[in-house]
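# Descriptive structure summary
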Amino acid sequence: MDMLVVRGGTPLEGRVVVGGAKNSALPIMAAALAADGPSVLYDVPDLVDVSTLSQLLETLGVNVRRQQGGGLRLEVVDDERFVADYELVRRMRAGVCVLGPMLARRGKACVSLPGGCNIGDRPIDLHLKGLRALGADIRIERGYVIAEADQLRGADIYLGGPFGSTVTGTANVMSAAVLADGVTTIEAAACEPEVVDLGNFLNKMGARITGLGTPFLQIEGVERLTGAEHTVIPDRIEAATLMIAAAAAGGRVEVENVCPTHMTAVIEKLREVGVNCEVSAAISPKHSTIEISVPSSLRPADVIALPYPGIPTDVQAQLTALLCGAEGISVVTDKVFPDRFMHAAELVRMGARIRREGYSAIVSGVSQRSGACVMASDLRASAALVISALAAQGESVIRRIYHLDRGYDRLEAKLNSLGANIRRVKDEPANMPASLAPAIIDGTRPNAVSAPHWLAKTPARQTRTI
Ligand code: EPU
C-alpha cells in the first residue's frame, strides 16, 4: 500500500489540465453493453475505477481495449453472460450501472448489490423501482439483484427520493428505457452533467432521449442501438479539487479544460470566500481555463451541498478543508449524503477546529495548521486531506490513498507540476517522516508501550528535541 508524504506551506503556480469525468466515463462504459457494434470513448481517465469496470465488463463479454491515441474501444463479443460478480462490484459503486443496459439488451441481469460505503447509506431502491416500472421482474437473492424481462415496456416513472434524485439510478433507468417498447417519462431525473453526457452518448447510439439536463426526461424506445464515438466531458470535481487546492495553498494557478457552466455554484462559493476565479474561453466556450488566485485572507462561508446545479457533495470535503483556514466561522451541510464527514476528524488532527452539530459541521477557521499523520476514508475525503496538507506547515502523511487512486488521475503529479511537494512512498515504517514523531513534539522520548511501532525504527539522532 502507498501513502503520500506532503510538505505544505508552498504556494502553487502554473497551469494544470483537467481530465475526463470519472462519473461520466463509468456509466457510459457500462452503456456500451447495450450496443450492437464497437464504441470508442475519448478522454476516459486512467483510474482504478475505470480499470475495475473494464475488468467487470470483460467478465460480461465486452472486449475493452485502449487504442493508440488514447481512445477506449468497447465491443460486445459475448452476450450470453449475466453475472456481475460481487468481487468486482463491491470495489466500486458504479458497478451497479451495468444493471440497466444488461437487462435491456440481454433480458436478464444478475448484479451483486454494491454494499456499504464510508459516505453514508447508498441504497438502490430507486434504481429497482424504475426498472420494475419498466416491467422487469426483480428479486434479491444471496446478495445479488436478479432482474428479468423478455421485453421492457415504456412507463411513467418518478425517481425522487428522500435526498433528491439519484445519479446512477437515473443512468440505469435511462439506459434500460432506451430499448423499451414505447415511451418512458422520468420525473425527478438527476440533472447532473454526467447524466446529460450519458444521455448524449446514448442518443449518438441511436436512442431518442429529450429533456436531458432537466428533471423531466422523455425517452422513445428504439429496437437497437449501434456503437458510437464520444468524448467524455471534463471532470468538474477534479477541476474543483485543483481550484480549491490552489486557493488553500495560495499562489496563482490556471486550471485548463474546464466547463465553467458545470461549475457555477463552486465558482460562486469560491468568490464569496475571497478567491479570484477568472474564467477565460481559451479553448472553446465549453472548455475554458479558470485562473485562481487569492489576494488576501479567506472569508468564512456557509456551504450546503445539494444535487446539481448546487454545490456538489463530491466537493464538500475539499471546501471544508479550505474553510478551515478562513477567518471566522463557516457552517457546512451535506443534503445529499448527510453523514459524509469522515474527513472532519482527520482535518482536526492537522489543527483544524471542526465540530459536528446534527447534519452540519461547524468550522472555526484557524490561522495556521500543522502537518500530521492522517488516514483517508473515501475518495473525496482523501482529496480534502491533500488540500489541508498543502495549506499546513511541515510534513503530513496521508495513508490509505488507494481511495484517491480510485478517482483521481495522478493528482499528486498534477499538484507537483504546480510546485507542490508530494511524495508517494510505500506505507512502511522506514518512510514515516521523523518530523512527525511524538518525541519531537514534547521533547521527551516516548515509552516503549505507547510509542508507535514505526518510531522504534527511527534513528535516535532524528528523534531528539529540536
Ligand atoms: N438514494 C436513495 N435511493 C437510491 C439511490 C440513492 O435513497 O436508490 C439516495 C442516496 O442515499 C443519497 C442520494 O440519494 O442520499 C443521492 O445518491 P445518488 O444515487 O445520486 O448517488 P450515486 O448515484 O450512488 C453518484 C456519484 C457519487 C456522487 C453522487 C451524488 C457515481 C459513480 N457516483 O453516486 O460520486 O457523490 O452521485 O452526486 O456517479 C464520488 O465520485 O466520489 C462519488 C461518491
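Residues numbered from 1 in each chain as written. Predicted model: local features only at pLDDT ≥ 70, side-chain atom pairs only at ≥ 80, totals over all residues. Heavy atoms only, no water.

Across its full length, the protein chain holds 16 helices and 26 strands. Relative to a compact globule of 466 residues, whose C-alpha radius of gyration would be 23 Å, the protein chain shows 23 Å and is just as compact. The buried share among the 466 residues of the protein chain stands at 55%. When contacts within the protein chain are restricted to residue pairs at least 6 apart in sequence, long-range pairs at least 24 apart make up 72% of them. For the protein chain, the accessible area works out to roughly 18900 Å², and carbon and sulfur atoms hold 49% of it. (Helix = DSSP H or I, 4+ residues; strand = E, 2+ residues; numbered from the N terminus. Rg over C-alpha atoms; globule rule 2.2 N^0.38 Å. Buried < 20%, exposed > 50% of the residue type's maximum accessible area, 1.4 Å probe, protein only. Contact = heavy atoms within 4.5 Å. Areas by Shrake-Rupley, 256 points an atom, 1.4 Å probe, with all protein chains shown as cover.)

For the rest of this paragraph, the subject is the environment of Arg91. Inspection of the secondary structure assignment puts Arg91 in the loop between helix 3 (86-89) and helix 4 (99-106). A relative accessible area of 39% places Arg91 in the partly exposed class. Note: C-alpha distance between Arg91 and Arg406 (315 residues apart in sequence) is 9.4 Å. Those residues in contact with Arg91 that sit more than four places away from it in its chain are Asp49, Thr52, Gln55 and Arg406. A polar side-chain atom of Arg91 sits 3.3 Å from the main-chain carbonyl oxygen of Glu87. (Polar contact = N/O pair within 3.5 Å; in protein donor to acceptor, adjacent residues only side chain to side chain.)

Our focus in this paragraph is the domain arrangement of the protein chain. By domain assignment, the protein chain separates into domain 1 (2-19 + 234-432) and domain 2 (22-231). Computed from C-alpha atoms alone, the centre-to-centre distance between domain 1 and domain 2 is 30 Å. Contacts between the two partners involve 23 residues from domain 1, matched on the other side by 17 residues from domain 2. Between domain 1 and domain 2 the total buried area reaches about 1800 Å² when both faces are included, carbon and sulfur atoms providing 55% of it. Summed over the three residues of domain 1 that lose the most area to domain 2, namely Tyr308, Phe337 and Arg406, the buried surface amounts to 31% of that side. At the boundary of domain 1 with domain 2, the tally comes to 2 salt bridges. A salt bridge links Arg406 to Asp49, with the shortest nitrogen-to-oxygen separation between them at 2.9 Å. Here domain 1 and domain 2 share 5 residue pairs in polar contact (both at pLDDT 80 or more) between them. (Domains from an automatic or database assignment. Buried area = accessible area lost by both parts, 1.4 Å probe. Salt bridge = Lys/Arg side-chain N within 4 Å of Asp/Glu carboxyl O.)

Here we take up unusual backbone geometry. Residue Pro309 is reached from Tyr308 by a cis peptide bond, and omega for that bond is 15 degrees. Assignment of secondary structure puts Pro309 in the loop between strand 20 (303-305) and helix 10 (313-323). Unlike most non-glycine residues, Arg142 shows phi in positive territory, near 50 degrees. Its location among the elements puts Arg142 in the loop between strand 9 (137-141) and strand 10 (144-148). A positive phi angle, close to 55 degrees, is found at Arg410, a residue other than glycine. The residue Arg410 is located in the loop between helix 13 (402-407) and helix 14 (411-416) in this model.

Bringing the packing of helix 10 against helix 12 (residues 379-391) into the picture now. At a closest axis distance of 8 Å, the pairing of helix 10 and helix 12 adopts a crossing angle of 20 degrees. By the angle between their axes, helix 10 is roughly parallel relative to helix 12. Of the two possible hands of crossing, helix 10 and helix 12 adopt the one that is right-handed. Across the interface between the two elements, Asp314, Ala317, Gln318 and Ala321 of helix 10 pack against Arg380, Ala381, Ala383, Ala384, Ile387 and Ser388 of helix 12. The residue makeup of the contact of helix 10 with helix 12, split by class, is 6 nonpolar, 2 polar and 2 charged. (Axes fitted to C-alpha atoms, helices over the stretch in contact; angles between N-to-C directions. Parallel < 35°, antiparallel > 145°, perpendicular 65-115°, else oblique. Left-handed = near helix turned anticlockwise from the far one by under 90°. Nonpolar A, V, L, I, M, F, W, Y, C, P; charged D, E, K, R; others polar.)

One broad rule of soluble globular proteins: the nonpolar side chains tend to lie buried together. Counting residues in hydrophobic clusters, the biggest one holds 76 residues, and the most contacted among them are Val98 and Leu202. Looking at this core element by element, the count peaks at 6 residues for helix 1 (residues 22-31). For Leu202, the residues in contact, after removing those within four places along its chain, are Ala31, Met174, Ser175, Val178, Ala207, Ile209 and Leu225. Residues Ala321, Ala326, Ala372 and Leu390 belong to the second largest nonpolar core, which totals 70 residues. (Core = buried A, V, L, I, M, F, W, Y, C linked by side-chain atoms within 4.5 Å.)

The next point concerns the site of the ligand. In the vicinity of the ligand there are 25 residues, among which Thr166, Thr168, Asp314, Val336 and Arg380 approach most closely. One nitrogen or oxygen atom from the main chain of Pro123 is found 3.3 Å from an oxygen atom belonging to the ligand. Between the ligand and the protein, one listed contact pairs an oxygen atom with a backbone N or O atom of Leu126 at 2.7 Å. Among the elements that line the shell around the ligand, the one with the most residues is helix 5 (residues 125-133), at 3 residues. Counted by class, the shell around the ligand contains 11 nonpolar, 6 polar and 8 charged residues. Summarising the domain contributions, the shell around the ligand has at least three residues from each of domain 1 (2-19 + 234-432) and domain 2 (22-231). (Near = heavy atom within 4 Å.)

Before going further, it helps to spend a moment on the pattern of salt bridges. In the structure shown here, the tally under the stated rule is 29 salt bridges. A salt bridge links Arg424 to Glu412; the nearest nitrogen and oxygen atoms lie 2.6 Å apart. In this pair, Arg424 is assigned in strand 26 (residues 421-426) and Glu412 in helix 14, connecting sequence segments 12 residues apart. For Arg424, a relative accessible area of 31% corresponds to the partly exposed category. Relative accessible area serves as the criterion here: at 14%, Glu412 is assigned to the buried category.

Turning next to helix 7 (residues 193-204). The end-to-end C-alpha distance of helix 7 is 16 Å, a good match for the 16 Å that 12 residues give at a rise of 1.5 Å each. Those residues of helix 7 that fall on the buried side of the exposure criterion are Pro193, Glu194, Val195, Asp197, Leu198, Gly199, Phe201 and Leu202. Of the residues flanking the end of helix 7, it is Gly206, one or two places downstream, whose phi is positive at about 115 degrees. (Expected span 1.5 Å × (residues − 1).)

By the burial criterion, the buried members of helix 11 (residues 342-349) are His343, Ala344, Glu346 and Leu347. Looking at the buried residues of helix 11, the elements they touch are helix 10, strand 22 (353-357), strand 24 (373-375) and helix 12. Gly351 lies just past helix 11 and shows a positive phi near 105 degrees.

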